[in-house]
Amino acid sequence: MELTEAMRTVGTCRYFETTPVPDDVLHQAFDVARFGPQGGNRQPVRWIVVRDAARKQALADLYLPMWKAYLAAVGAGTVNVGALPKTVQDADHFAEHLAQVPAIVVACAEIDGLHPTDTELDRVSVVGGASIYPTVQNFCLALRDQGVGSAVTTLLCHHEPAVSELLDIPAGVLTAAHIAIGYPAKGFPRKLTRSPVEDIVAAETFGRPYFTTAAV
Ligand SMILES: Cc1cc2nc3c(=O)[nH]c(=O)nc-3n(C[C@H](O)[C@H](O)[C@H](O)COP(=O)(O)O)c2cc1C
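It should be emphasised that the depicted structure is a prediction, and the values quoted were computed from it without experimental measurement.

Engineer: Report on the site of the ligand, specifying residues and quantitative values.
Structural biologist: The environment of the ligand is made up of 12 residues, and the closest members are Gly11, Thr12, Thr153, Thr154 and Leu155. Counting residues per element, the ones that place at least two in the shell around the ligand are α4 (85-96) and β3 (149-153). Ranked by the residues each element gives to the shell around the ligand, the list is headed by α4, at 3 residues. Split into classes, the residues belonging to the shell around the ligand amount to 6 nonpolar, 6 polar and no charged.

Structure, rendered in C-alpha coordinates:
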(Lines give C-alpha, C1' and ligand atoms only; values in the text may rest on other atoms or scores of the structure.)
Protein backbone atom coordinates (compact mmCIF):
# COMPACT_ATOMS: atom_id res chain seq x y z
CA MET A 1 0.00 0.00 0.00
CA GLU A 2 1.02 3.60 -0.43
CA LEU A 3 3.31 4.84 2.40
CA THR A 4 1.40 8.02 3.27
CA GLU A 5 -1.85 6.10 3.50
CA ALA A 6 -0.23 3.52 5.79
CA MET A 7 1.22 6.25 8.03
CA ARG A 8 -2.12 8.02 8.28
CA THR A 9 -4.13 4.91 9.12
CA VAL A 10 -1.80 2.62 11.08
CA GLY A 11 -3.68 3.49 14.30
CA THR A 12 -4.06 1.42 17.43
CA CYS A 13 -6.16 -1.67 16.84
CA ARG A 14 -8.46 -2.51 19.76
CA TYR A 15 -10.56 -5.33 18.27
CA PHE A 16 -8.88 -8.37 16.73
CA GLU A 17 -9.98 -11.43 14.81
CA THR A 18 -8.69 -14.65 16.35
CA THR A 19 -7.23 -15.78 12.98
CA PRO A 20 -3.46 -16.36 13.40
CA VAL A 21 -1.06 -14.06 11.59
CA PRO A 22 1.01 -16.30 9.27
CA ASP A 23 4.76 -16.57 9.86
CA ASP A 24 5.59 -15.26 6.38
CA VAL A 25 3.63 -12.08 7.14
CA LEU A 26 5.49 -11.71 10.43
CA HIS A 27 8.83 -12.39 8.76
CA GLN A 28 8.21 -9.68 6.18
CA ALA A 29 7.32 -7.21 8.96
CA PHE A 30 10.44 -7.99 11.02
CA ASP A 31 12.53 -7.90 7.86
CA VAL A 32 11.59 -4.35 6.91
CA ALA A 33 11.30 -3.10 10.50
CA ARG A 34 15.02 -3.67 11.06
CA PHE A 35 15.86 -0.83 8.66
CA GLY A 36 14.81 1.65 11.33
CA PRO A 37 17.71 3.84 12.48
CA GLN A 38 19.63 3.20 15.70
CA GLY A 39 22.37 5.29 17.28
CA GLY A 40 25.74 4.13 15.94
CA ASN A 41 23.89 1.39 14.04
CA ARG A 42 24.30 -0.73 17.18
CA GLN A 43 21.11 -2.69 16.37
CA PRO A 44 19.96 -3.33 19.94
CA VAL A 45 16.40 -4.44 19.16
CA ARG A 46 15.34 -8.04 19.80
CA TRP A 47 11.83 -9.42 19.43
CA ILE A 48 9.85 -12.17 21.12
CA VAL A 49 6.68 -13.46 19.47
CA VAL A 50 4.30 -14.84 22.09
CA ARG A 51 1.56 -17.05 20.66
CA ASP A 52 1.26 -19.62 23.44
CA ALA A 53 -2.14 -19.28 25.18
CA ALA A 54 -0.76 -19.71 28.71
CA ARG A 55 1.98 -17.12 28.17
CA LYS A 56 -0.45 -14.63 26.62
CA GLN A 57 -2.76 -15.18 29.59
CA ALA A 58 0.09 -14.57 32.01
CA LEU A 59 0.93 -11.30 30.26
CA ALA A 60 -2.74 -10.30 30.21
CA ASP A 61 -3.03 -11.10 33.93
CA LEU A 62 -0.16 -8.71 34.62
CA TYR A 63 -1.59 -6.10 32.26
CA LEU A 64 -5.21 -5.94 33.41
CA PRO A 65 -4.69 -4.66 36.99
CA MET A 66 -2.28 -2.03 35.66
CA TRP A 67 -4.86 -0.93 33.11
CA LYS A 68 -7.71 -0.85 35.64
CA ALA A 69 -5.62 1.27 38.00
CA TYR A 70 -4.82 3.63 35.11
CA LEU A 71 -8.51 3.73 34.17
CA ALA A 72 -9.46 4.59 37.75
CA ALA A 73 -6.88 7.40 37.78
CA VAL A 74 -8.30 8.75 34.52
CA GLY A 75 -11.81 8.60 36.04
CA ALA A 76 -10.61 10.41 39.15
CA GLY A 77 -8.92 13.07 37.03
CA THR A 78 -5.48 12.34 38.48
CA VAL A 79 -4.17 11.22 35.07
CA ASN A 80 -4.78 13.46 32.11
CA VAL A 81 -5.35 11.80 28.74
CA GLY A 82 -6.30 13.42 25.47
CA ALA A 83 -8.40 10.39 24.63
CA LEU A 84 -12.15 10.58 24.04
CA PRO A 85 -14.45 8.43 26.23
CA LYS A 86 -15.02 6.03 23.30
CA THR A 87 -11.26 5.57 22.95
CA VAL A 88 -10.97 4.71 26.64
CA GLN A 89 -13.89 2.29 26.31
CA ASP A 90 -12.16 0.62 23.35
CA ALA A 91 -8.91 0.41 25.31
CA ASP A 92 -10.82 -1.21 28.17
CA HIS A 93 -12.24 -3.85 25.82
CA PHE A 94 -8.72 -4.40 24.52
CA ALA A 95 -7.39 -4.91 28.06
CA GLU A 96 -10.16 -7.35 28.91
CA HIS A 97 -9.41 -9.41 25.78
CA LEU A 98 -5.64 -9.17 25.58
CA ALA A 99 -5.13 -12.90 26.17
CA GLN A 100 -7.18 -13.68 23.05
CA VAL A 101 -5.14 -11.66 20.56
CA PRO A 102 -3.34 -13.91 18.05
CA ALA A 103 0.10 -12.79 19.22
CA ILE A 104 1.82 -10.40 21.58
CA VAL A 105 5.16 -9.27 20.21
CA VAL A 106 7.55 -8.03 22.88
CA ALA A 107 10.05 -5.43 21.68
CA CYS A 108 13.26 -5.85 23.67
CA ALA A 109 16.60 -4.08 23.49
CA GLU A 110 20.14 -4.76 24.57
CA ILE A 111 20.85 -2.02 27.07
CA ASP A 112 24.52 -1.78 26.08
CA GLY A 113 23.41 -0.92 22.55
CA LEU A 114 21.39 2.16 23.49
CA HIS A 115 23.95 4.87 24.32
CA PRO A 116 21.55 7.46 25.81
CA THR A 117 23.03 10.97 25.80
CA ASP A 118 20.52 12.64 28.11
CA THR A 119 20.84 10.75 31.39
CA GLU A 120 22.45 13.60 33.30
CA LEU A 121 19.75 16.16 32.60
CA ASP A 122 17.19 17.02 35.24
CA ARG A 123 14.38 15.32 33.35
CA VAL A 124 13.28 11.89 32.17
CA SER A 125 15.77 10.22 29.79
CA VAL A 126 14.31 9.47 26.33
CA VAL A 127 17.26 9.13 23.96
CA GLY A 128 17.70 5.39 24.54
CA GLY A 129 14.21 4.82 23.19
CA ALA A 130 15.12 6.56 19.96
CA SER A 131 17.10 3.47 18.97
CA ILE A 132 14.06 1.25 19.55
CA TYR A 133 10.77 2.96 18.71
CA PRO A 134 11.44 3.87 15.06
CA THR A 135 11.94 0.13 14.50
CA VAL A 136 8.73 -0.61 16.42
CA GLN A 137 6.81 1.87 14.27
CA ASN A 138 8.34 0.35 11.13
CA PHE A 139 7.07 -3.01 12.33
CA CYS A 140 3.54 -1.66 12.79
CA LEU A 141 3.63 0.01 9.37
CA ALA A 142 4.85 -3.19 7.74
CA LEU A 143 1.99 -5.08 9.36
CA ARG A 144 -0.47 -2.38 8.26
CA ASP A 145 0.86 -2.79 4.72
CA GLN A 146 -0.13 -6.45 4.90
CA GLY A 147 -3.57 -5.82 6.41
CA VAL A 148 -2.58 -6.68 10.00
CA GLY A 149 -3.49 -4.42 12.90
CA SER A 150 -1.33 -3.63 15.92
CA ALA A 151 -1.55 -1.97 19.32
CA VAL A 152 1.66 -0.71 20.89
CA THR A 153 1.47 -0.80 24.69
CA THR A 154 3.93 0.13 27.42
CA LEU A 155 1.94 -0.37 30.63
CA LEU A 156 3.48 -3.82 31.08
CA CYS A 157 6.98 -2.37 31.12
CA HIS A 158 6.23 -1.57 34.76
CA HIS A 159 6.27 -5.32 35.38
CA GLU A 160 9.51 -5.94 33.49
CA PRO A 161 11.00 -8.29 36.13
CA ALA A 162 7.93 -10.57 35.97
CA VAL A 163 7.83 -10.42 32.15
CA SER A 164 11.56 -11.17 31.95
CA GLU A 165 11.11 -14.21 34.15
CA LEU A 166 8.13 -15.42 32.15
CA LEU A 167 9.92 -15.05 28.81
CA ASP A 168 13.49 -15.92 29.89
CA ILE A 169 14.75 -12.45 28.97
CA PRO A 170 18.38 -12.25 30.15
CA ALA A 171 19.95 -9.54 32.29
CA GLY A 172 21.09 -6.62 30.16
CA VAL A 173 18.02 -6.79 27.92
CA LEU A 174 15.08 -4.47 28.59
CA THR A 175 11.46 -4.56 27.48
CA ALA A 176 10.36 -1.48 25.52
CA ALA A 177 6.85 -2.36 24.32
CA HIS A 178 4.32 -5.16 24.10
CA ILE A 179 2.57 -5.09 20.74
CA ALA A 180 -0.71 -6.91 20.28
CA ILE A 181 -1.12 -7.97 16.67
CA GLY A 182 -3.81 -9.57 14.55
CA TYR A 183 -6.28 -8.96 11.77
CA PRO A 184 -8.60 -6.09 12.73
CA ALA A 185 -12.19 -7.10 13.51
CA LYS A 186 -13.48 -3.59 12.74
CA GLY A 187 -11.20 -2.54 9.88
CA PHE A 188 -8.60 0.21 9.97
CA PRO A 189 -9.26 3.81 10.99
CA ARG A 190 -9.82 6.27 8.15
CA LYS A 191 -8.64 9.29 10.07
CA LEU A 192 -6.64 9.42 13.30
CA THR A 193 -7.09 12.32 15.71
CA ARG A 194 -3.94 14.44 15.81
CA SER A 195 -3.03 18.08 16.40
CA PRO A 196 -2.88 20.22 13.26
CA VAL A 197 0.56 20.95 11.78
CA GLU A 198 -0.07 24.65 12.42
CA ASP A 199 -0.15 23.98 16.18
CA ILE A 200 2.99 21.89 16.44
CA VAL A 201 5.64 23.35 14.12
CA ALA A 202 7.58 26.47 15.13
CA ALA A 203 9.67 28.88 13.10
CA GLU A 204 13.18 29.46 14.43
CA THR A 205 12.17 29.65 18.11
CA PHE A 206 9.68 27.64 20.14
CA GLY A 207 6.05 28.71 19.93
CA ARG A 208 6.14 30.94 16.85
CA PRO A 209 3.96 29.15 14.30
CA TYR A 210 5.79 28.13 11.12
CA PHE A 211 2.63 27.50 9.15
CA THR A 212 -0.13 30.03 9.58
CA THR A 213 -2.72 28.70 7.18
CA ALA A 214 -4.15 25.20 7.35
CA ALA A 215 -2.66 22.98 4.68
CA VAL A 216 -4.93 20.24 3.30
C1 LIG B 1 4.49 4.82 23.76
C2 LIG B 1 3.08 4.33 23.72
C3 LIG B 1 2.57 3.61 24.78
C4 LIG B 1 1.27 3.13 24.76
N5 LIG B 1 0.83 2.35 25.79
C6 LIG B 1 -0.42 1.87 25.75
C7 LIG B 1 -0.87 0.98 26.77
O8 LIG B 1 -0.12 0.59 27.66
N9 LIG B 1 -2.13 0.55 26.69
C10 LIG B 1 -2.97 0.92 25.70
O11 LIG B 1 -4.13 0.50 25.70
N12 LIG B 1 -2.57 1.73 24.71
C13 LIG B 1 -1.31 2.20 24.70
N14 LIG B 1 -0.87 2.99 23.69
C15 LIG B 1 -1.75 3.31 22.57
C16 LIG B 1 -2.21 4.77 22.66
O17 LIG B 1 -3.18 4.88 23.66
C18 LIG B 1 -2.74 5.18 21.28
O19 LIG B 1 -1.63 5.25 20.40
C20 LIG B 1 -3.44 6.51 21.31
O21 LIG B 1 -4.64 6.40 22.01
C22 LIG B 1 -3.73 6.99 19.92
O23 LIG B 1 -4.44 6.02 19.24
P24 LIG B 1 -4.51 6.05 17.64
O25 LIG B 1 -3.10 5.91 17.17
O26 LIG B 1 -5.35 4.87 17.26
O27 LIG B 1 -5.12 7.36 17.26
C28 LIG B 1 0.44 3.43 23.66
C29 LIG B 1 0.97 4.13 22.58
C30 LIG B 1 2.27 4.56 22.60
C31 LIG B 1 2.83 5.29 21.40
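Engineer: Describe the packing of helix α3 (residues 53-76) against α4, with residues and values.
Structural biologist: Running from amino to carboxyl end, α3 crosses α4 at an angle of 160°, the nearest separation of the two axes being 10 Å. When the axis of α3 is compared with that of α4, the two are roughly antiparallel. The way α3 lies across α4 gives a crossing that is left-handed. For the pair formed by α3 and α4, the contact residues are Tyr63, Leu64, Trp67, Leu71 and Val74 on the first element and Val88, Asp92 and Ala95 on the second. In terms of residue class, the contact of α3 with α4 is made up of 7 nonpolar, no polar and 1 charged.

Engineer: Go over the environment of Arg42, please, and point to the residues and values.
Structural biologist: Considering the arrangement of structural elements, one finds Arg42 in the loop between α2 (23-33) and β1 (45-50). C-alpha of Arg42 to C-alpha of Thr212: the two residues are 170 residues apart in sequence and 40 Å apart in space. The contacts of Arg42, once residues within four sequence positions are left out, are Gly113, His115 and Ser131.

Engineer: Pulling in residues and values, what's your account of the nonpolar core?
Structural biologist: Counting 39 residues, the largest nonpolar core has Ala107, Val136, Ile179, Ala180 and Ile181 as its most contacted members. Those elements giving two or more residues to this core turn out to be α2, α3, α4, β2 (103-110), α5 (133-145), β3 and β4 (173-182). When residues of this core are assigned to their parent elements, the largest contribution, 6 residues, is made by β2. Setting aside anything within four residues of it in sequence, one finds Ile179 in contact with Ile104, Val105, Ala107, Val136, Ser150, Ala151 and Val152.

Engineer: Which residues make up the pairing of β2, and what values go with them?
Structural biologist: Counted residue by residue, β2 has 6 buried out of 8 residues, so it is predominantly covered. Taken together, the 6 bridges between β1 and β2 define a ladder with antiparallel strand orientation. Its bridge partner lying in β2, Trp47 is registered against Ala107. The pairing of β2 with β4 spans 8 bridges and is antiparallel. Of the residues in β4, the one forming a bridge with Ala103 is Ile181.

Conventions used here
Residues numbered from 1 in each chain as written. Predicted model: local features only at pLDDT ≥ 70, side-chain atom pairs only at ≥ 80, totals over all residues. Near = placed C-beta within 6 Å. Helix = DSSP H or I, 4+ residues; strand = E, 2+ residues; numbered from the N terminus. Nonpolar A, V, L, I, M, F, W, Y, C, P; charged D, E, K, R; others polar. Axes fitted to C-alpha atoms, helices over the stretch in contact; angles between N-to-C directions. Parallel < 35°, antiparallel > 145°, perpendicular 65-115°, else oblique. Left-handed = near helix turned anticlockwise from the far one by under 90°. Contact = placed C-beta atoms within 7 Å. Core = buried A, V, L, I, M, F, W, Y, C linked by C-beta atoms within 7 Å. Buried ≥ 20, exposed ≤ 12 C-beta atoms within 10 Å, placed from the backbone. Pairing = 2+ DSSP bridges.

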